[in-house]
Amino acid sequence: MTLTEKDSQYLWHPYTQHKTAQTPIAISRGEGALLWDENGKEYIDAIASWWVNPFGHSNKFIADAVYKQLTTLEHVLFGGFTHEPAIKVAEKLIEILPKNQQKIFFSDNGSTAVEVAIKVALQYFFNKNEKRTTIIAFENAFHGDTFAAMAASGISFYTQAFQGMFIDVVRIPVPIKGQEQASFDALTNVIQNHNCAGFIFEPLVQGAAGMVMYEPEALAKLIQICAANKVLTIADEVMTGFGKTGKTFAMDYVSEEPDMICLSKALTGGTIPMAITTFTQDIFDAFYDDDINKALFHGHTFTANPTGCAAVLASIDLLQTAEMQANIERINASHLEFQKKIENHSKVITARTLGVIFAVEIKSDSEESYYGSMRTKLYNFFIENGVVLRPVGNIVYILPPYIMTNEQLQKVYKIIEEAIEMV
Ligand SMILES: *Cc1c(COP(=O)(O)O)cnc(C)c1O
């Protein structure tokens, strides 16, 4: 049996209707921006394997750090114990995060990073004896698939089976260019009419919605409105973190600081599942008490796994090299050039770029759903041509590993141009 045949016998894939889905491609090797399947066919990974892999597949620098940690201390429980890798990660993050972030809490995926932030927002007010139970989120947000994260997410077909079982979430429009005031007004209105504990947002770029972008000034204003009303703000940087927007964090573009930040995906350079939620001292202090019931009773078995921490430290080292920063700038300049080239094409609605993120919306005759027919046609075309891209409806985005070469990048652009002509 081939790998794909065995797969269909035993495995259940994410976001997959197995009755109608195509068989998955079995990948046997990865190096740099390239992947090879079991038959030796080569693919350019133009979305960094779901946005996790900035430094390339099978990165030797991270692998060496991980091997060293695995053979020194692979894991130890974090309840009642601590270790140097976790402390070093905390020190490093506190150095590079927005200045008000002072406490680091570990978990193991983006959804749990969000889950922790939302639970902390709710318990913060519980501990202070204030009744605030509503969470504010953007329309079409994506914050993950666990229950609170899913409640905060606004992409309906992910969540429709669970309606009526969620925590209280109220949605406001994204302040896209020209429509900022509607978003500010909606936020003010929600805060006046609900007991709001927190506001969660993807800063500057809504990833899963199709790389929807908005300006830092608008986000600063929303955070100011929250701060004036003591509503805690949660920046979900699970996608945007670690260089994707051109700065280390998307919040580095924003004049206001959030109360909490969620990190995962590129945190370990796409090697080991790990996540972190960071907090201000004020939030930590609301849980610091003689009363044990005020503690945060949340934890995961693999919390602060030392091997994961070693991967984080190696990844941040790589990100901070002049070479990697130059790569990010190179890709950004290249995207901007490609954007200019195609944005006036008759079949293009709009194209946009921030950092290494590029997205183009293609005109279509019918209303394009997330997994509609155009999406399938585009996806298959890209795969046939050896490029991994996962369009969102009629939106094709590129989120390459930073080490992608110019030649590979040009090939990705060319395939996208051909796809635009084809559909
Ligand atoms: C991917 C993502 C998540 C969820 O992360 P998982 O590791 O898939 O649970 C949460 N928030 C944002 C913004 C994401 O892009």
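Keep in mind that this is a model prediction, so the values were computed, not measured.

Here is what the cut-offs are and how they apply
- Residues numbered from 1 in each chain as written.
- Predicted model: local features only at pLDDT ≥ 70, side-chain atom pairs only at ≥ 80, totals over all residues.
- Heavy atoms only, no water.
- Helix = DSSP H or I, 4+ residues; strand = E, 2+ residues; numbered from the N terminus.
- Rg over C-alpha atoms; globule rule 2.2 N^0.38 Å.
- Buried < 20%, exposed > 50% of the residue type's maximum accessible area, 1.4 Å probe, protein only.
- Contact = heavy atoms within 4.5 Å.
- Areas by Shrake-Rupley, 256 points an atom, 1.4 Å probe, with all protein chains shown as cover.
- Lys, Arg positive; Asp, Glu negative; His and termini not counted.
- Charge placed at Lys NZ, Arg CZ, Asp CG, Glu CD.
- Near = heavy atom within 4 Å.
- Polar contact = N/O pair within 3.5 Å; in protein donor to acceptor, adjacent residues only side chain to side chain.
- Nonpolar A, V, L, I, M, F, W, Y, C, P; charged D, E, K, R; others polar.
- UniProt positions renumbered as here; feature names shortened; annotations may be inferred.
- Pairing = 2+ DSSP bridges.
- Axes fitted to C-alpha atoms, helices over the stretch in contact; angles between N-to-C directions.
- Expected span 1.5 Å × (residues − 1).
- Phe/Tyr/Trp six-rings, centres within 6.5 Å; stacked < 30°, edge-to-face > 60°.

What follows is about the overall build of the protein chain. Helix and strand counts for the protein chain come out as 14 helices and 16 strands. The C-alpha atoms of the protein chain give a radius of gyration of 21 Å, which matches the 22 Å a tight globule of 423 residues would have. Counting only C-alpha atoms and orienting by the principal axes, one finds that the protein chain spans roughly 65 × 55 × 45 Å. Residues classed as buried in the protein chain amount to 53% of the 423 residues present. Taking as baseline every contact in the protein chain between residues at least 6 positions apart, the subset at least 24 positions apart corresponds to 71%. Looking at the protein chain as shown, the accessible area adds up to about 19,400 Å², and 53% of this sits on carbon and sulfur atoms. Averaging the locations of the 33 positively and 48 negatively charged side chains of the protein chain gives two centres separated by 2 Å.

As a further point, take the site of the ligand. For the ligand, the full set of nearby residues is W51, N109, G110, S111, F142, H143, G144, E202, D236, V238, M239 and K265. At 2.7 Å from a nitrogen atom of the ligand is found a side-chain nitrogen or oxygen belonging to D236. Within the side chain of K265, an N or O atom sits 2.7 Å from an oxygen atom of the ligand. Here the residues of the shell around the ligand are counted per class, giving 4 nonpolar, 5 polar and 3 charged.

Another point: the UniProt feature "binding site: pyridoxal 5'-phosphate" (unreviewed entry) in the protein chain. Here, UniProt's "binding site: pyridoxal 5'-phosphate" (unreviewed entry) annotation points to G110, S111, D236, H300 and T301. These annotated residues cover 192 residues of sequence, and their C-alpha atoms sit far apart, with the largest distance between any two at 22.7 Å. Secondary-structure assignment places S111 in helix α5 (residues 110-127). Leave out the neighbours within four places in its chain, and S111 touches H143, G144, D145, T146 and A149. Topologically, T301 is positioned in the loop between α10 (281-285) and α11 (306-319).

Spatially, 4 strands are ordered β1-β2-β3-β15 in an open sheet, and the strand pairing comes out mixed. The open sheet has two edge strands, β1 (27-31) and β15 (387-388), and neither has a second partner. Where strand β2 (residues 34-37) and strand β3 (residues 42-45) come together, 3 bridges link them in antiparallel fashion. Looking at β3, one finds that W36 is bridged to E42.

To continue, consider unusual backbone geometry. Of note, the phi angle at S49 is positive, near 45°, even though the residue is not glycine. By secondary structure assignment, the location of S49 is in helix α2 (residues 48-51). In this structure, W50 takes a positive phi of about 65° despite not being glycine. With respect to the helices and strands, the residue W50 is situated in helix α2. Of the residues examined, W50 reaches a relative accessible area of 37% and is grouped as partly exposed.

A word on the pairing of β3. If you look at the hairpin formed by β2 and β3, you'll find 4 residues sitting between the two strands, and G40 has a positive phi there, around 90°. Examined bridge by bridge, β3 and β15 share 2 bridges and lie parallel to one another. Residue I44 lies in a different strand from β15, and its bridge partner there is V387.

Further remarks concern the sheet that holds strand β6 (residues 169-172). Spatially, the 7 strands line up as an open sheet ordered β4-β12-β11-β10-β7-β5-β6, and their pairing is mixed. Sheet topology places β4 (103-107) and β6 at the edges, where each strand pairs with a single neighbour. Neighbour-to-neighbour, the strand axes of this sheet turn through a mean angle of 20°, independent of strand direction. With respect to the sheet, helix α8 (residues 180-193) is in contact with β5 (134-138), β6 and β7 (196-201), its orientation differing from that of β6 by roughly 155°.

In this section: helix α9 (residues 216-228). An ideal rise of 1.5 Å per residue puts 18 Å on 13 residues; α9 measures up with 18 Å between its terminal C-alpha atoms. For α9, the elements touching its buried residues are β5, β6, α8, β7 and β10 (232-236). Among the residues trailing α9, K230 stands out with phi positive, at a value near 55°.

Attention shifts here to the packing of aromatic side chains. Following the criterion strictly, the structure yields 15 aromatic pairs and no others. An angle of 75° between the planes, with centres 5.7 Å apart, marks the rings of F147 and F162 as edge-to-face. Of the two residues, F147 is situated in helix α6 (residues 147-152) and F162 in the loop between α7 (156-159) and β6; the sequence distance between them amounts to 15 residues. Note on F162: relative accessible area 30%, which makes it partly exposed. Considering the side-chain rings of F199 and F201, the 5.0 Å spacing of their centres and the 45° angle between planes classify their relative orientation as tilted. We classify F199 as buried; its relative accessible area is 0%. Within the aromatic cluster, the residues linked to one another by ring pairs are F138, F199, F201 and Y214.

What follows covers the environment of L204. Residue placement: L204 occurs in the loop between β7 and β8 (205-206). Spatially, the C-alpha atom of L204 lies 26 Å from that of H345, the residues being 141 residues apart in sequence. When neighbours within four sequence positions are excluded, L204 is seen to be in contact with V212, M213, Y214, E215, P216, L219, A250, Y253, V254 and L354.

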